[in-house]
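Listed here are the chains, written in short residue letters.
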Amino acid sequence: MAASTSVVAVAGPAAVMPGLSTNADFSDLREIKKQLLLIAGLTRERGLLHSSKWSAELAFSLPALPLAELQPPPPLTEEDAQDMDAYTLAKAYFDVKEYDRAAHFLHGCNSKKAYFLFMYSRYLSGEKKKDDETVDSLGPLEKGQVKNEALRELRVELSKKHQARELDGFGLYLYGVVLRKLDLVKEAIEVFVEATHVLPLHWGAWLELCNLITDKEMLKFLSLPDTWMKEFFLAHIYTELQLIEEALQKYQNLIDVGFSKSSYIVSQIAVAYHNIRDIDKALSIFNELRKQDPYRIENMDTFSNLLYVRSMKSELSYLAHNLCEIDKYRVETCCVIGNYYSLRSQHEKAALYFQRALKLNPRYLGAWTLMGHEYMEMKNTSAAIQAYRHAIEVNKRDYRAWYGLGQTYEILKMPFYCLYYYRRAHQLRPNDSRMLVALGECYEKLNQLVEAKKCYWRAYAVGDVEKMALVKLAKLHEQLTESEQAAQCYIKYIQDIYSCGEIVEHLEESTAFRYLAQYYFKCKLWDEASTCAQKCCAFNDTREEGKALLRQILQLRNQGETPTTEMPAPFFLPASLSANNTPTRRVSPLNLSSVTP
């Protein structure tokens, strides 16, 4: 979608319920608390439980209100009174998931609240039948074309109400959800923006809008209401778009104005640090969050991903057992157990738990991606491709799924497909060196060496996680007989691994010393060549070559050969590779010229 088509202006004035108009700042936290308590009640009455929970948690983080300041519920209208009996009965059926029964008794009701529950019951009935059919008939990996049959009918009815300006903020939210489910993205964005203007306190509308925004440019062109809720929305969308510095700044501002006790904000900060791979910081915040809210399950799958990366088996085992005691049939619990089995290399069991998570919620993004990883471990590439594709259907911003598809097609030796998927992953994570190294390897296989060199250099420039980019770049220069540039890359590689202070075995260290020893030998720089050759003797694979070179150097010195002064050794790196000129912050995606399918 072009950014210009995303400009949304809300047509026509819409009535806002008393007490629900919001200010643009956080100067009056008491008023904000009243608004949060009010919207928590209104969303609960309509069965919007996640929005209700979010509002209640946020309200809980603010100081308690005295009795005199507590707000009474909104007054009932004549229509509310007429529909009260039907609404009360239908809401009881709705709460036990008897959606068709709830809709039957609400048919013909005229009040806004009863009408919303009538339409929402029909929508959820269709979703439940679709999920049941998906799980029972086809299985989560063969989803096929199962559709919610109620969507088109709901769209027709809600469209008529929308044109007549008869939808309140909740009705607009449901209309937007229906449009999104029908893949009418442009119309859905317009309706969700309208919903945020009419009812800015409803977090669900903001969250749905967040899922449809693909980049910062699209965000700029949205006409959003000037309200304090917009700050929570912006922090969330920045996290989703991998604009982590902006997101952390927003969350810090929210903490400073008075939301320091909000478990939601703390968990979002932990997720943000997870996204930029600051694992120690993220683990520390998650551990603190577990102390504050020991029965919390949300985001614990992200916590388990961090424990998995750090190979913390005992901590991951404890987390899995703890969540099982709290609620073993939550998707997050299944993902945590799946990660635990995966860490123990029991990939069949891990895949089983990820499948169980998808039976509970077929739209749960993390489970699709993790299941793709497990199928990759089991060498089941076709199932892995299917799982990653489902992840992308749920969220096109999931770089892990794009990267996983690239790895799968790399195994299948299909470099053009592989290149396409790695480029998509790189566009989502331009500052992630793993994507750039993978891209460079792809270009190398396709013999597009200029593009490969660009990728390896940029991977080093943004902070090479795996310390492999310089070695790959050096080997590329070596292949192109650019000996001086290769030597410069190997020197910088050696400097980097020795300066990091970690005692880690680097597989390519011996390769670097062997090349440098030979390079200095050709340059007749005996001292440098001798130093590198001695280093070669410390490695099994280069020991003999190192000894042979030392003997040659000794022989030449005895014959009176003098070191050359004509060919300077590359002790000083060029500006393009020097540490002072290395951009380590976020960068835009590479402008790669080659055309891929």
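Residues numbered from 1 in each chain as written. Predicted model: local features only at pLDDT ≥ 70, side-chain atom pairs only at ≥ 80, totals over all residues. Heavy atoms only, no water.

- The name given to the chain in an unreviewed UniProt entry is Cell division cycle protein 23 homolog, with the source organism recorded as Dipodomys ordii.
- Looking at the Sequence similarities (unreviewed entry) heading of the UniProt record, one finds this comment for the chain: "Belongs to the APC8/CDC23 family."
- As stated in UniProt under Pathway (unreviewed entry), the record for the chain gives "Protein modification; protein ubiquitination." (UniProt positions renumbered as here; feature names shortened; annotations may be inferred.)

### Points about the overall build of the chain
- On a plain count of helices and strands, the chain comes out with 29 helices and zero strands.
- Looking at the chain as a whole, 53% of its 597 residues are labelled buried.
- Counting contacts in the chain only where the partners sit at least 6 residues apart, residues at least 24 apart contribute 61% of the total.
- For the chain, the computed accessible surface area is about 29,100 Å², with 51% contributed by carbon and sulfur atoms. (Helix = DSSP H or I, 4+ residues; strand = E, 2+ residues; numbered from the N terminus. Buried < 20%, exposed > 50% of the residue type's maximum accessible area, 1.4 Å probe, protein only. Contact = heavy atoms within 4.5 Å. Areas by Shrake-Rupley, 256 points an atom, 1.4 Å probe, with all protein chains shown as cover.)

### So, unusual backbone geometry
- With phi around 60 degrees, Ser345 is a residue other than glycine that occupies positive phi space.
- With respect to the helices and strands, Ser345 occurs in the loop between helix 17 (331–343) and helix 18 (347–360).
- On the accessibility criterion, Ser345 (52% relative accessible area) is exposed.
- Phi is positive for Lys379, which is not a glycine, with a value near 65 degrees.
- Tracing the chain through its elements places Lys379 in the loop between helix 19 (365–377) and helix 20 (381–394).
- Overall, Lys379 belongs to the exposed group, its relative accessible area being 64%.

### Remarks on the pattern of salt bridges
- Inspection of the entire model under this criterion finds 30 salt bridges.
- With a shortest N-O distance of 2.9 Å, Glu231 and Lys250 are connected by a salt bridge. Highlighted residues: Glu231 in helix 11 (residues 229–240) and Lys250 in helix 12 (residues 244–259), separated in sequence by 19 residues.
- Its relative accessible area of 23% is what places Glu231 among the partly exposed residues.
- For Glu332, the salt bridge is made with Arg330, and the minimal N-O distance between the two is 3.2 Å.
- You can call Glu332 buried: its relative accessible area is 8%.
- Through salt bridges with shared partners, one network takes in Glu127, Lys130, Lys181 and Arg363. (Salt bridge = Lys/Arg side-chain N within 4 Å of Asp/Glu carboxyl O.)

### Digging into helix 15 (residues 300–309)
- Across the ten residues of helix 15, eight count as buried, placing the element largely inside the fold.
- For helix 15, every residue scored as buried is listed here: Met300, Asp301, Thr302, Phe303, Ser304, Asn305, Leu306 and Leu307.
- Those residues of helix 15 hidden inside the fold are in contact with helix 13 (263–275), helix 14 (279–292), helix 16 (313–327), helix 17, helix 19 and helix 21 (399–411).
- Ser311 lies just past helix 15 and shows a positive phi near 55 degrees.

### Considerations on the environment of Ala114
- With respect to the helices and strands, Ala114 occurs in helix 5 (residues 112–138).
- The sequence separation of Ala114 and Tyr87 amounts to 27 residues, and the corresponding C-alpha distance is 5.8 Å.
- If we ignore the near neighbours within four places in the chain, the residues touching Ala114 are Asp83, Tyr87, Leu106 and Cys109.

### Observations regarding a nonpolar patch on the surface
- Together, Leu37, Leu67 and Leu70 make up an exposed nonpolar region whose accessible area comes to about 320 Å².
- Within the secondary structure, Leu70 is located in the loop between helix 2 (49–60) and helix 3 (78–95).
- Owing to a relative accessible area of 43%, Leu70 belongs among the partly exposed residues under this scheme. (Patch = residues over 30% accessible without salt bridge, like charges linked within 9 Å, V, L, I, M, F, W, Y side chains within 5 Å.)

### A few points about the UniProt feature "repeat: TPR" (unreviewed entry) in the chain
- According to UniProt, the feature "repeat: TPR" (unreviewed entry) maps to residues 331–364 and 365–398 in the numbering used here.
- Taken end to end, residues 331–364 has its terminal C-alpha atoms 8 Å apart, with 79% of it in helix and 0% in strand.
- When the span residues 365–398 is considered, its composition is 79% helix and 0% strand, and the gap between its end C-alpha atoms is 8 Å.

### Remarks on the packing of helix 11 against helix 12
- In the contact formed by helix 11 and helix 12, the axes pass within 8 Å of each other and the chain directions differ by 150 degrees. Here helix 11 lies roughly antiparallel to helix 12, going by the angle between them. Of the two elements, helix 11 crosses helix 12, and the hand of that crossing is left-handed. Contacts between helix 11 and helix 12 involve Glu231, Phe232, Leu234, Ala235, His236, Tyr238 and Thr239 from the former and Ile244, Glu246, Ala247, Lys250, Tyr251, Leu254 and Phe259 from the latter.
- When grouped by side-chain class, the residues that make up the contact of helix 11 with helix 12 number nine nonpolar, two polar and three charged. (Axes fitted to C-alpha atoms, helices over the stretch in contact; angles between N-to-C directions. Parallel < 35°, antiparallel > 145°, perpendicular 65-115°, else oblique. Left-handed = near helix turned anticlockwise from the far one by under 90°. Nonpolar A, V, L, I, M, F, W, Y, C, P; charged D, E, K, R; others polar.)

### What about the confidence of the model for the chain?
- Chain-level statistics for the chain give a pLDDT mean of 84 and a share of 86% at 70 or above.
- In this model, residues 137–144 is a region of pLDDT below 50 whose contacts with residues beyond four sequence positions or in other chains number 21 contacts.
- Between residues 566–588, whose pLDDT stays under 50, and residues either more than four places distant or in other chains, the model counts 44 contacts. (pLDDT = per-residue confidence, 0-100.)

### Re the nonpolar core
- Tyr123, Leu209, Leu219, Trp228, Phe232, Phe233 and Ile237 are the most contacted members of the largest nonpolar core, which has 188 residues in total.
- At nine residues, helix 5 tops the list of elements feeding residues into this core.
- Non-local contacts of Phe232, meaning those with residues more than four positions away in its chain, are made with Phe26, Trp54, Leu58, Trp203, Leu254, Phe259, Tyr264 and Ile265. (Core = buried A, V, L, I, M, F, W, Y, C linked by side-chain atoms within 4.5 Å.)

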